[in-house]
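Structural description and commentary
Here's the letter readout for the chains.
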Amino acid sequence: MLRKFRLRVGALSMLAAGSVVILATAPGAPARVGPEGTAVRAATTVVIWTDRDREADITALANAWAKPRGLTIKVVAKAEQNNIRSDFVTVQAADAPDVITGAHDWVGELAANGSILPISPKKTTLAQIPKYTRDAFSYGKTVSQLYGMPTHVENVGLFVNTQLAKVPKSWADLEKQALAFKRKGGGRVGIDVQQGSGGDAYHMYPFFSGLGGYVFGKTRGGALNPKLVGLDNAVFMRNAPMIDRWNRLGLINSKIDNNTASQLFTSKKAAFWVTGPWNIDTVRKAGIKFRIVQVPKIKLRAVPFLGVGGMMVTRFARTHSVESASKDFVASYMGTKNAQNFLTVKNGRYPANIQSAKSVKDVALRQIGLAGTGGVAMPNIPQMASVWNDLGLAWVKSTQGAGATKARVSFKAAARAIRQKIQ
Amino acid sequence: MTTSAAPTPKSRPDAVKWSLPTRIVTRASGVVGLSLKILFLGIINAAAVWAASVLIGDEKWIAVAVLVVTTLALDAVFLVPGRLMPLKFLLPGTLFLLAFQVIPILYTAQIAFTNYSTGHVLAKNEAIDAIEETSLAPPAGGKTYTLAPAFDSDRNLVLLLVDDSTGDAYVGTKDGLEPLPEEGTRVSNGVVTAAEGYRLVTGPALFTLDRQLSTYRVPVDGAAIRPEGIDGAVELEPTLRHDDEADTFTRIASGKVFREHEGAYVAADGEALEPGWKTGVGWHNFTRVVDDPLIRRPFLRVFAWTIAFATLTVTLGFALGLLLAITLDKKFRFQRLYRTIFVIPYAIPSFLTLLVWAGLLNDDFGVVNNLLGTSIPWLFDPWWAKVSVIIVSIWLTFPYFFLVSLGALQSIPGELVDAARVDGAGVWQVSRRITFPLLMVAVTAVLIASFAFNLNN
């Protein structure tokens, strides 16, 4: 009996000793626990979430900002930009970022959740950031707050293969050239723009706006009003039969998807391609001579959707006691010409800062920037989530070639469906 | 201890040949086994101590209690010899079941009774703070300042401010704004660089003051000057006021009152303040499925389609697989080759199959329409798309049913069929009365399983 007992005591003491040894050698030993229960990070470390494309540049920039201020940074790179948003929604305070890079159309949802903090940059900084990009990062039903520092602008433009066609002088000229090119046969298409079976309201927006379409109207205060859905407004309805004509002539066809669109242009089966700065490299590599312009005015100016990229300060910056540091980085440092030059030009994006935009040397980047002039920032209110699919499908149905639905019918139906979802 | 208490193992007369696993297990017991056991339990205990320290910090006492009891139970089960033996297997199994099945399900169910969604992710007190903060707006003629934080002679934090429009220098304290005397104050590039009686905070020290700095308010007639970052400050005034007693928000300009309603402050006209907070809403989410036609109609449609999809995929896939199995059950030339061919779709990764089919079914360029000479919108028309989906999922499932049926068919004893033949049964009777019932015994479970799988596929 005694022997057995001794054995057990021996085993227990060994166990205790083993536990202590493991505990002591384990990384991140215990007792780093803050007064409010959140694991305390050094109050001088700012955690930044970005995507892999921008990781190196953001790291370099943030270090350049942090070093002279005696701060440290930690950059976490997510595979895709959208992962930043989805991971951020569910993150626990201890792992949460203080600063995120993101797109302006996240602002509505994140602000409605109370997940990001309003910022008030200095007037001298604001003067260098165009109003439309600031508006894109603003949200608030009664009091509009700025929720991020715009760093770059993305939009689609009309890529013209200058060896196959001339830069169109007008919409009629574009139609004529595109149809003549298509008639040569051999799988050539008129205007190359990606849709696919799911539709693509983003790439189709120049045609939508050129016919008088818009997504949401505005309140008297100038904020977007989700109750005013503009898919079937009178002007657009009057111009909609033009879409049926394009479909009949085969000028635009919804069967072209993302991959096909790229193949068609790089294999010279398309002379006109509606796409964005992310494809400049692809076109260059294919050895194609090109120019980028805005889609010519149809009935109205055919402006693209603008996506504004930027940086935001999260509510966790406050929990982590790095609020003033994070705001300094986002609202002051990231607004400067030098920071924006560094971040955007290397990445092939058009900077938001006016001074920085003026200094862009890359010809194609300048052209795509100009093609965005007058563009409409994608609505950043959460209700936009109900629009993409229906608006994209309305285009698909009306431009699918044989058996297409009349545009008036499909856009009216889409507007009704969207109103129902938004109520 | 008496000799009869514990049966001591007798030497075995016939030397049993132990299997390899048994030999390995035997080898690993004794000193090696004991030290392995100690090591693993040590890791578990160490992890538990660490987790307990975090949980105690978070003051989650119930979780601490559960953790302590579980860890002690694990230690006891593995260290106390004898009676607790079965628990060695049962306890870890139960723990894993709880951790990976029961708790996620309970958590999901619990979420279903809350309004957790966009606009309702914070706790109520956090939401009140956020509403108060986002209600701030610059007052008419609101000023902005360039900021230099400093300590006064009593080591209190103050804000040395320069008005961005006039260039006048002030000192902001929790009592209000005072002009700085021109004498002894140096301003360069629009920021205070020295002031008599104050010690400027610079460098890393600035950032260690974060909590103090970002909550610092300098009151100025109804509004307040708030630091923004480390070198700016803005004058802002609230547009909403929270009444702690009544738990309401009031819009200062219009007097409109917002009261708590289902996790948000809502006015009489339905206007809700953002953000709301997470709270229990009882059966509301479930009654909406019945009450709200916008949810009910799509829900019923999707539900009906899901059932139809699962039923059609399983029955048609099984029918095709069975037909092929019966055909290939007989002996003929190249029988094995044919069998192999029909298993191939099962062996190809399904995402590849899906890509291939997407290409085959393309309206304009696809092989299917070209061969048939048709222009069916396989992927663009809602009805044809459903047909396509079913065709492709039959393609993916039939080899499985083919294999299962073939196996089941071959396991039916030939004597039964022979006996039936002798009794005068025809081919049809044999298959209906003998083969099919016996086949279904083996296949029914598989059919149910794959129906369940397709229902959530």
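Residues numbered from 1 in each chain as written. Chains lettered and ligands numbered in written order. Predicted model: local features only at pLDDT ≥ 70, side-chain atom pairs only at ≥ 80, totals over all residues.

Attention now goes to the overall build of chain B. A tally of helices and strands in chain B yields 15 helices and 15 strands. The globule rule puts the C-alpha radius of gyration for 457 residues at 23 Å, and the 38 Å found for chain B is more than 25% above it. With respect to the three principal axes, the spread of C-alpha positions in chain B is 120 × 90 × 45 Å. For chain B, the proportion of its 457 residues judged to be buried stands at 22%. Across chain B, every contact between residues at least 6 apart in sequence was considered, and the portion connecting residues at least 24 apart equals 53%. (Helix = DSSP H or I, 4+ residues; strand = E, 2+ residues; numbered from the N terminus. Rg over C-alpha atoms; globule rule 2.2 N^0.38 Å. Buried ≥ 20, exposed ≤ 12 C-beta atoms within 10 Å, placed from the backbone. Contact = placed C-beta atoms within 7 Å.)

The subject of this paragraph is the environment of Tyr147(A). All names here are of chain A. Within the element layout of this structure, Tyr147 appears in the loop between β5 (145-146) and β6 (149-154). Between the C-alpha atoms of Tyr147 and Val313, which are 166 residues apart in sequence, the distance is 7.7 Å. Ignoring sequence-local partners within four residues, the contact set of Tyr147 consists of Val107, Ala111, Ile116, Pro118, Phe137, Ser138, Tyr139 and Met312.

Here the focus is the domain arrangement of chain B. Each assigned domain of chain B is listed with its residue range as follows: domain 1 (27-112), domain 2 (117-134 + 242-291), domain 3 (136-238) and domain 4 (296-455). Domain 3 of chain B and domain 4 of chain B are separated by 76 Å when their C-alpha centres are compared. (Domains from an automatic or database assignment.)

This brings us to the nonpolar core. The biggest cluster of nonpolar side chains holds 142 residues, and the ones touching the most others in it are Val46(A), Ile48(A), Phe272(A), Phe329(A), Val330(A), Leu160(B) and Leu161(B). No other element matches strand β13 (residues 305-313) of chain A, which puts six residues into this core. In this structure, Phe272(A) is in contact with Leu158(A), Val160(A), Ala165(A), Leu174(A), Ala178(A), Ile191(A) and Asp192(A), ignoring residues within four places of it in sequence. (Core = buried A, V, L, I, M, F, W, Y, C linked by C-beta atoms within 7 Å.)

Many authors give the size of an interface as the accessible area that is lost as the parts come together. Contact residues are listed per partner, giving 50 residues for chain A and 53 residues for chain B. Of all the secondary-structure elements, those providing two or more residues to the side of chain A that touches chain B are α1 (2-25), α4 (107-112) and α14 (323-332) of chain A. Top element by residues in the side of chain A that touches chain B is α1(A). It accounts for nine residues. Class assignment of the residues belonging to the side of chain A that touches chain B gives a composition of 21 nonpolar, 18 polar and eleven charged. (Nonpolar A, V, L, I, M, F, W, Y, C, P; charged D, E, K, R; others polar.)

Residues and elements named next belong to chain A. If you check the domain split of chain A, you get domain 1 (45-154 + 307-368) and domain 2 (157-303 + 387-422). Centre-to-centre, using C-alpha coordinates, domain 1 lies 30 Å away from domain 2. Taken together, the ten residues of domain 1 in the interface contact eight residues of domain 2. Looking at the side of domain 1 that touches domain 2 element by element, the count peaks at four residues for helix α17 (residues 363-371). Looking at the side of domain 1 that touches domain 2, its residues break down into four nonpolar, three polar and three charged.

It is worth spelling out the pairing of β13(A) at this point. Residues and elements named next belong to chain A. Burial of β13 is extensive: nine of the nine residues sit out of reach of the surface. A two-sided burial pattern is seen for β13, the buried positions comprising Phe305, Gly307, Gly309, Met311 and Val313 on one face and Leu306, Val308, Gly310 and Met312 on the other. Where strand β3 (residues 99-103) and β13 come together, five bridges link them in antiparallel fashion. Bridging across to β13, Val99 finds its partner in Val313. As judged from the five bridges shared by β6 and β13, these two strands associate in the antiparallel manner. (Pairing = 2+ DSSP bridges.)

All right, on to α17(A) then. Buried within α17(A) are the following residues: Ala364(A), Leu365(A), Gln367(A), Ile368(A), Gly369(A) and Ala371(A). As for α17(A), its buried residues are in contact with β7 (157-161), α12 (280-285), β12 (290-293), β14 (350-351) and α16 (354-358) of chain A.

As a further point, take the environment of Gly70(A). Along the polypeptide, Gly70(A) turns up in the loop between α2 (52-66) and β2 (72-78). For Gly70(A), a count of 14 C-beta atoms within 10 Å gives the class partly exposed. When the C-alpha positions of Gly70(A) and Thr45(A) are compared, they lie 9.7 Å apart, and in sequence the two are 25 residues distant. Among all residues touching Gly70(A), those that are not within four sequence positions of it are Thr44(A), Gly203(B) and Pro204(B).

All names here are of chain A. As summarised here, the arrangement of the four strands in space is β8-β11-β7-β12, forming an open sheet in which the pairing is mixed. This sheet does not close on itself; its edge strands, each paired only once, are β8 (191-193) and β12. Taken over all neighbouring pairs, the strand axes of this sheet differ in orientation by 25° on average, direction set aside. In the sheet, β7 pairs with strand β11 (residues 272-275) via four bridges, with the strands oriented antiparallel. Paired with Phe159 across the strands is Trp273, a residue of β11. Helix α11 (residues 258-266) rests against β7, β8 and β11 of the sheet, and its axis sits at about 140° to β8. (Axes fitted to C-alpha atoms, helices over the stretch in contact; angles between N-to-C directions.)

Close reading of the predicted structure is inappropriate where its pLDDT is low. Averaged over chain A, the pLDDT score is 88; the fraction of residues at 70 or greater is 90%. With pLDDT under 50 throughout, residues 27-40 of chain A is counted as low confidence; its partners more than four residues away or in other chains account for 20 contacts. (pLDDT = per-residue confidence, 0-100.)

This part takes up the packing of helix α11 (residues 350-360) of chain B against helix α13 (residues 382-411) of chain B. Residue and element names in this part refer to chain B. Viewed as axis vectors pointing N to C, α11 and α13 meet at an angle of 145°, and their least axial separation amounts to 11 Å. Where α11 crosses over α13, the two elements pack in a sense that is right-handed. For the pair α11 and α13, the contacting residues are Ser350, Thr353, Leu354 and Trp357 in the first and Val392, Trp395 and Leu396 in the second. (Left-handed = near helix turned anticlockwise from the far one by under 90°.)

For the rest of this paragraph, the subject is the sheet that holds strand β15 (residues 265-267) of chain B. Through backbone hydrogen bonds, the strands of a sheet pair up, either in parallel or in antiparallel fashion. Residues and elements named next belong to chain B. Spatially, the four strands line up as an open sheet ordered β12-β13-β14-β15, and their pairing is antiparallel. Among the strands making up the open sheet, the edge pair consists of β12 (240-243) and β15. The mean angle between the axes of side-by-side strands here comes to 30°, regardless of whether they run parallel or antiparallel. Sheet topology places β12 next to strand β13 (residues 248-251); four bridges connect them, and they run antiparallel. Looking at β13, one finds that Leu240 is bridged to Arg251.

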